[in-house]
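# An overview of the molecular structure
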Amino acid sequence: MYNSRIAGLGAYVPENIVTNDDLSKLMDTNDAWIQERTGIKERRHIKKGDGNSTSKMGAKAATIAIERAGLTNKDIDMIVFATLSPDYYFPGCGVQVQHLMDMKTIPALDVRNQCSGFVYALATADQFIKTGMYKNVLVIGAENHSGGLDFTTRSRSVSVIFGDGAGAAVLTREEDTTKGILSSHLHSQGEHALELSLRGPSTEEWVPEIIATNPTEDIPYYPYMNGQFVFKNAVVRFSEVIKEGLAKNNLTADDIDMLIPHQANLRIAQFVQKKFGLTDDQVFNNIQKYGNTTAASIPIALTEAWEKGKIKEGDTVVLAAFGSGFTWASSIIKW
């Protein structure tokens, strides 16, 4: 058995910045209201015609990650792509990236675990490497939320939260089993599936076009979130799954050098930080700039933290996420 380690990281976000003040022109909201509840100041949104899509943003992030890993596209043995907003209902984004990046006819697997999608995808890739089946696996988290949001007052509690973007990691074989991904921990609780859900279509014909041709007030196409219920469950499950990972590896909160939480809500991250007694230097948040990018949030944040020199060789890095499903997960990594 091998371990797998992250050999390269990359991230991409659209150039179009949407501030809280921009949203206040579309709905009854304001900068103070949004920041107080979410911590978000701005986010990135795709502009129609800017050449971006979920798969294309994923490919852009992947190109950076592969180059930083010192590899070429032909060295990748498998793609694992996490998203809740694929370009098409089917096929998935994984095969599109394989084509866009002119890769060999390698397997492409799509993961639909929303906010915890990247950690699930990372754990999946880790298993293929651990068993020796593949050597280099590309893991991508990417989202195009903006086209599927209702920018009116009725949906302000949800629509102000989400942004677009992509992050990617290249996992490669590591023979030293004290390094790399030490363990991953995955959970779900489907009884709460509809508390954070979207029972609608795909980003190719997204919500504005559908509503224009079929106007109705009973709209299943917009995301729904029972905010307080999700928050209460998130803070409990975040803490549980982090403790589970630490215990598995005989570690304590004192051993954490960097915690990268899913960027769902700054208040959730701050609650978890306080619960584990971590300093600001031990937790990395960038939701203030990008909003919640769901499956892309952890790889974007991980990439930024690494680029800023906040993650160094030998560090213990913890990834943790909670979201729709409900699903939650963590990974413990020795960098």
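Read on for an overview of the structure.

What counts as what
- Residues numbered from 1 in each chain as written.
- Predicted model: local features only at pLDDT ≥ 70, side-chain atom pairs only at ≥ 80, totals over all residues.
- Heavy atoms only, no water.
- Pairing = 2+ DSSP bridges.
- Helix = DSSP H or I, 4+ residues; strand = E, 2+ residues; numbered from the N terminus.
- Axes fitted to C-alpha atoms, helices over the stretch in contact; angles between N-to-C directions.
- Contact = heavy atoms within 4.5 Å.
- Buried < 20%, exposed > 50% of the residue type's maximum accessible area, 1.4 Å probe, protein only.
- Polar contact = N/O pair within 3.5 Å; in protein donor to acceptor, adjacent residues only side chain to side chain.
- Core = buried A, V, L, I, M, F, W, Y, C linked by side-chain atoms within 4.5 Å.
- Parallel < 35°, antiparallel > 145°, perpendicular 65-115°, else oblique.
- Left-handed = near helix turned anticlockwise from the far one by under 90°.
- Salt bridge = Lys/Arg side-chain N within 4 Å of Asp/Glu carboxyl O.
- Phe/Tyr/Trp six-rings, centres within 6.5 Å; stacked < 30°, edge-to-face > 60°.
- Lys NZ or Arg CZ within 6 Å of the ring centre and 35° of its normal.
- Right-handed = clockwise from strand over helix to strand, strands pointing away.

### Digging into the sheet that holds strand E7 (residues 165–174)
- Ordered in space as E1-E7-E6-E4-E5, the 5 strands form an open sheet in which the pairing is mixed. With one partner strand each, in any of the chains shown, strand E1 (3–12) and strand E5 (108–111) form the two edges of the open sheet. For this sheet, the mean inter-axis angle between neighbouring strands, taken without regard to orientation, is 20 degrees.
- Sheet contacts for helix H3 (residues 54–68): E1, strand E4 (78–82), strand E6 (136–143) and E7; angle to E1, the most-contacted strand, approximately 125 degrees.
- Across the sheet, helix H4 (residues 93–100) lies against E4, E5 and E6, angled at about 130 degrees from E4, the strand it touches most.

### Comments concerning unusual backbone geometry
- The residue after phenylalanine 90, namely proline 91, is reached through a cis peptide bond having omega 0 degrees.
- With respect to the helices and strands, the residue proline 91 is situated in the loop between E4 and H4.
- In this model, glycine 325 is joined to phenylalanine 326 through a cis peptide bond whose omega is -25 degrees.
- Tracing the sequence through the fold places phenylalanine 326 in the loop between strand E12 (316–323) and strand E13 (327–334).
- The residue aspartate 102 is not glycine, and still its phi comes out positive at about 50 degrees.
- The topology assignment puts aspartate 102 in the loop between H4 and E5.
- For aspartate 102, a relative accessible area of 53% gives the class exposed.

### Comments concerning the environment of serine 146
- When you line up the elements, serine 146 lands in the loop between E6 and helix H6 (156–159).
- Expressed as a C-alpha distance, the spacing of serine 146 and serine 159, which sit 13 residues apart in the sequence, is 8.3 Å.
- With residues up to four places along the chain from it excluded, the contact list for serine 146 reads His45, Ile46, Phe151 and Asp164.
- In this structure the side chain of serine 146 is engaged in a polar contact, spanning 2.6 Å, whose partner is the side chain of aspartate 164.

### A short note on the side chain of aspartate 315
- Summarising the element assignment, aspartate 315 is placed in the loop between helix H11 (297–307) and E12.
- Classification of aspartate 315 as buried rests on a relative accessible area of 9%.
- At 2.9 Å, the side chain of aspartate 315 forms a polar contact with the backbone nitrogen of lysine 312.
- Non-local contacts of aspartate 315, meaning those with residues more than four positions away in its chain, are made with Asp257, Lys310, Ile333, Lys334 and Trp335.

### Digging into the nonpolar core
- Ranked by size, the top nonpolar core spans 34 residues in total, and within it Leu171, Ile260, Leu302, Val317 and Leu319 carry the most contacts.
- Ranked by the residues each element gives to this core, the list is headed by helix H5 (residues 117–130), at 7 residues.
- When residues no more than four places from it in sequence are discounted, the contact partners of leucine 302 are Ile6, Leu9, Ile260, Ile311, Val317, Leu319 and Trp335.

### Quick notes on the packing of helix H8 (residues 227–248) against helix H9 (residues 266–275)
- The contact between H8 and H9 brings their axes to 10 Å, and the two run at 40 degrees. Classified by the angle their axes make, H8 and H9 are oblique. Read as a crossing pair, H8 and H9 show a hand that is right-handed. When H8 is examined against H9, the residues Phe231, Ala234, Val235, Phe238, Ser239, Ile242 and Lys243 are found in contact with a partner set consisting of Arg267, Ile268, Phe271, Val272 and Lys275.

### Points about H11
- Most of H11 sits inside the fold, with 9 of its 11 residues counted as buried.
- Taken residue by residue, H11 has Ser297, Ile298, Pro299, Ile300, Ala301, Leu302, Thr303, Glu304 and Ala305 as its buried positions.

### Thoughts on the pattern of salt bridges
- Counted under the stated rule, the structure contains 10 salt bridges.
- For arginine 5, the salt bridge is made with glutamate 174, and the minimal N-O distance between the two is 3.0 Å. You can see arginine 5 sitting in strand E1 and its partner glutamate 174 sitting in strand E7, a full 169 residues away along the chain.
- On the basis of relative accessible area, arginine 5 is assigned to the partly exposed category, the value being 35%.

### Some details on the packing of aromatic side chains
- Scanning all chains against the criterion turns up 4 aromatic pairs.
- Here the aromatic rings of phenylalanine 128 and tyrosine 134 are separated by 5.7 Å at their centres, their planes lie at 35 degrees, and the arrangement is tilted.
- With a centroid separation of 4.9 Å and an interplanar angle of 55 degrees, the aromatic rings of phenylalanine 322 and phenylalanine 326 are classed as tilted.
- Phenylalanine 322 gets classed as buried once you look at its relative accessible area, which sits at 3%.
- Directly above the aromatic system of tryptophan 33 lies the positively charged group of arginine 156, at a separation of 4.9 Å from the ring centroid.
- Here arginine 173 stacks its cationic end above the ring of tyrosine 2, 4.5 Å away from the centre of that ring.

### Overview of the pairing of E5
- Where E4 meets E5, 4 bridges bridge the pair, whose relative direction is parallel. Each bridged residue has a counterpart across the sheet, and for valine 80 the counterpart in E5 is leucine 109.
- Regarding topology, H4 serves as the crossover connection from E4 to the parallel E5, and that connection is right-handed.

### Focus on H4
- Along H4, the positions that sit buried rather than exposed are Cys93, Gly94, Gln96, Val97 and Gln98.
- Elements in contact with the buried residues of H4: H3, E4, E5 and E6.
- Two residues or fewer after H4 comes aspartate 102, characterised by a positive phi angle close to 50 degrees.

Purely geometric numbers; function is a separate question.
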